[in-house]
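Inside the fold
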Amino acid sequence: VGVEKGVPSLISQASDPEKRGVMLQGGAVYKHVADLMRKSRTLTKAIQDGRFSVGKSKGDDEKHVVGRTEAVTKLKSNVDQLKPLLIDAIDAKLSPYESQAPNTSGAKRAVVDAVLTAEEFEIKSERINACRKMVMKEYQAAQAKIEKHNRELQRTQEKKKIDEPPYIVPGSANLIKEDDEYSLFSMVIMRKFKDEVLKLCREKRLTVRAYKYDAEGEKKHHKKKQQLIAEKKKSFNHAQLKCRHLYPEIFVGWMHVKAVRCFAESILRFGLPKRNEDFKMIFPNHIQAALVQVPSGREDHVRKIMAKLYSGLASEEVTRQLDASETDYSGFGADFYPYVYLPIDLNHS
């Protein structure tokens, strides 16, 4: 965005002699121009290397190539048009020091920066040479820093280029097992480079375990594995057979427990019949037990209907819902209803 908008605006202003003169009076104009030229060069290289796509869409490779060529041509043209402006800006920056050497550290740094910018874009003049000699000590120190920075940058880029060490057999890495936290891989390496591989893995915080092939041990391991598989299958079949025979009895017993609990809680809550002859007819005259299967999402609706149907079995003070700030002194808890309620969950995983 800076290149697309900044370059045309700058070129337009520089084409007007009056605006160009005012522009060159600014001491940092050459930095702005040089920055735009650097961005144009970087973008050109990125497009040529394919790291930056220009106007590419699926199934439109031909237009993509044309657009990329036009973009590169335009960026190179920007650099060519900006270079004369950069020459004038550097010349204007160094003109005050042609007759008098800079006497402050800030002025010396400014001269060194202008000279280095001129060398970066291959700009030569007698004025630039004269100013370089005035600040030779500072110029050499800045050159040394730049060279050191470039060496470190080159080493960093070379490290990034090494995606896979050459001493790992290509294609030998295989995923054995993976879960939410860990992954287990096997790979084949050259024994000569064992230490290098271990060092790289430690840097990447990977745990390495060496594998030693033993033919006899492999046979024993395979035999033991087959035995365990057979035992597992036998135990599973035995457990499945038992479950098939015992599940009906267990389920019937579970339903009996539910029925007994329902009867006991009903008696404790509502009491026994007043007359002895009515005790034999307690079911269904006094107590009714029913299984209700509620459709998914309809529980609140069914609760309201049953609460209205059995509202006479408990007072409103007991069954009303408590606010979050209230304390339940009744001991019934939040799941108290005017009828005895026992959940039966059949969704066993």
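The structure we're discussing is the one just above.
Residues numbered from 1 in each chain as written. Predicted model: local features only at pLDDT ≥ 70, side-chain atom pairs only at ≥ 80, totals over all residues. Heavy atoms only, no water.

1. Here we look at the pairing of strand 1 (residues 174–178)
Little of strand 1 is tucked away: 0 of the 5 residues are buried. The sheet contact formed by strand 1 and strand 2 (residues 183–186) spans 4 bridges and is antiparallel. By the bridge assignment, Asn174 is partnered in strand 2 with Ser186. Hairpin connection, strand 1 to strand 2: the antiparallel pair is bridged by 4 residues. (Buried < 20%, exposed > 50% of the residue type's maximum accessible area, 1.4 Å probe, protein only. Helix = DSSP H or I, 4+ residues; strand = E, 2+ residues; numbered from the N terminus. Pairing = 2+ DSSP bridges.)

2. Remarks on the side chain of Arg132
Locating Arg132 in the fold gives a position in helix 6 (residues 126–134). Engagement of the side chain of Arg132 in a polar contact is seen with the side chain of Glu119, the distance being 3.0 Å. Other than its neighbours up to four places away in sequence, Arg132 contacts Val115, Glu119 and Tyr139. (Polar contact = N/O pair within 3.5 Å; in protein donor to acceptor, adjacent residues only side chain to side chain. Contact = heavy atoms within 4.5 Å.)

3. What to know about a positive patch on the surface
On the surface, Lys148, Arg151, Arg155, Lys159, Lys199 and Arg202 cluster together into a positively charged patch. Taken together, the elements giving at least two residues each to the positive patch come down to helix 7 (136–161) and helix 8 (194–203). As for its placement among the helices and strands, Lys199 is situated in helix 8. (Patch = residues over 30% accessible without salt bridge, like charges linked within 9 Å, V, L, I, M, F, W, Y side chains within 5 Å. Areas by Shrake-Rupley, 256 points an atom, 1.4 Å probe, with all protein chains shown as cover. Salt bridge = Lys/Arg side-chain N within 4 Å of Asp/Glu carboxyl O. Lys, Arg positive; Asp, Glu negative; His and termini not counted. Charge placed at Lys NZ, Arg CZ, Asp CG, Glu CD.)

4. Considerations on the side chain of Ser172
Structurally, Ser172 is set in the loop between helix 7 and strand 1. Within polar-contact distance, the side chain of Ser172 engages the backbone oxygen of Val169 at 2.7 Å. Within the structure, Ser172 has its side chain in polar contact with the backbone nitrogen of Val188 (distance 3.1 Å). Excluding residues within four positions of it along the chain, Ser172 makes contact with Ser186, Met187 and Val188.

5. Details of the nonpolar core
Counting residues in each nonpolar core, the largest one holds 32 residues, and the members touching the most others are Val33, Leu86, Ile90 and Leu94. Sorting the residues of this core by element identifies helix 1 (2–14), helix 2 (17–24), helix 3 (29–49), helix 4 (61–94), helix 5 (105–120), helix 6 and helix 7 as the ones contributing at least two each. (Core = buried A, V, L, I, M, F, W, Y, C linked by side-chain atoms within 4.5 Å.)

6. Some points on the environment of Leu36
Among the structural elements, Leu36 can be located in helix 3. With relative accessibility at 3%, the residue Leu36 sits in the buried group. Note: C-alpha distance between Leu36 and Val79 (43 residues apart in sequence) is 8.3 Å.

7. Things to note about the packing of aromatic side chains
Considering all chains together, one arrives at 5 aromatic pairs under this definition. With centroids separated by 5.8 Å and ring planes inclined at 75°, the aromatic side chains of Phe251 and Trp254 adopt a geometry described as edge-to-face. Note that Phe251 and Trp254 are positioned in helix 9 (residues 215–270) at a spacing of 3 residues, about one turn of the helix. Among the aromatic residues, those joined into a ring-pair cluster are Tyr310, Tyr337, Tyr339 and Tyr341. In this arrangement the basic side chain of Arg303 is found over the ring face of Tyr337, its NZ or CZ atom lying 4.1 Å from the centre. (Phe/Tyr/Trp six-rings, centres within 6.5 Å; stacked < 30°, edge-to-face > 60°. Lys NZ or Arg CZ within 6 Å of the ring centre and 35° of its normal.)

8. A few points about the pattern of salt bridges
Under the defined criterion, the tally for this structure stands at 7 salt bridges. For Arg38, the salt bridge identified is with Glu120, shortest N-O distance 2.9 Å. One end of the pair, Arg38, is in helix 3; the other, Glu120, is in helix 5, and 82 residues separate them in sequence. Judged by relative accessible area, Arg38 falls into the partly exposed class, the value being 31%. A residue is classified by how much of its surface remains accessible, and Glu120, at 37% relative accessible area, is partly exposed. Across the pair Arg261 and Glu265 runs a salt bridge, and its minimum N-O distance is 2.8 Å. Pair noted here: Arg261 and Glu265 are both in helix 9, with a separation of 4 residues, about one helical turn. Here Arg261 falls in the partly exposed class, since its relative accessible area comes to 45%.

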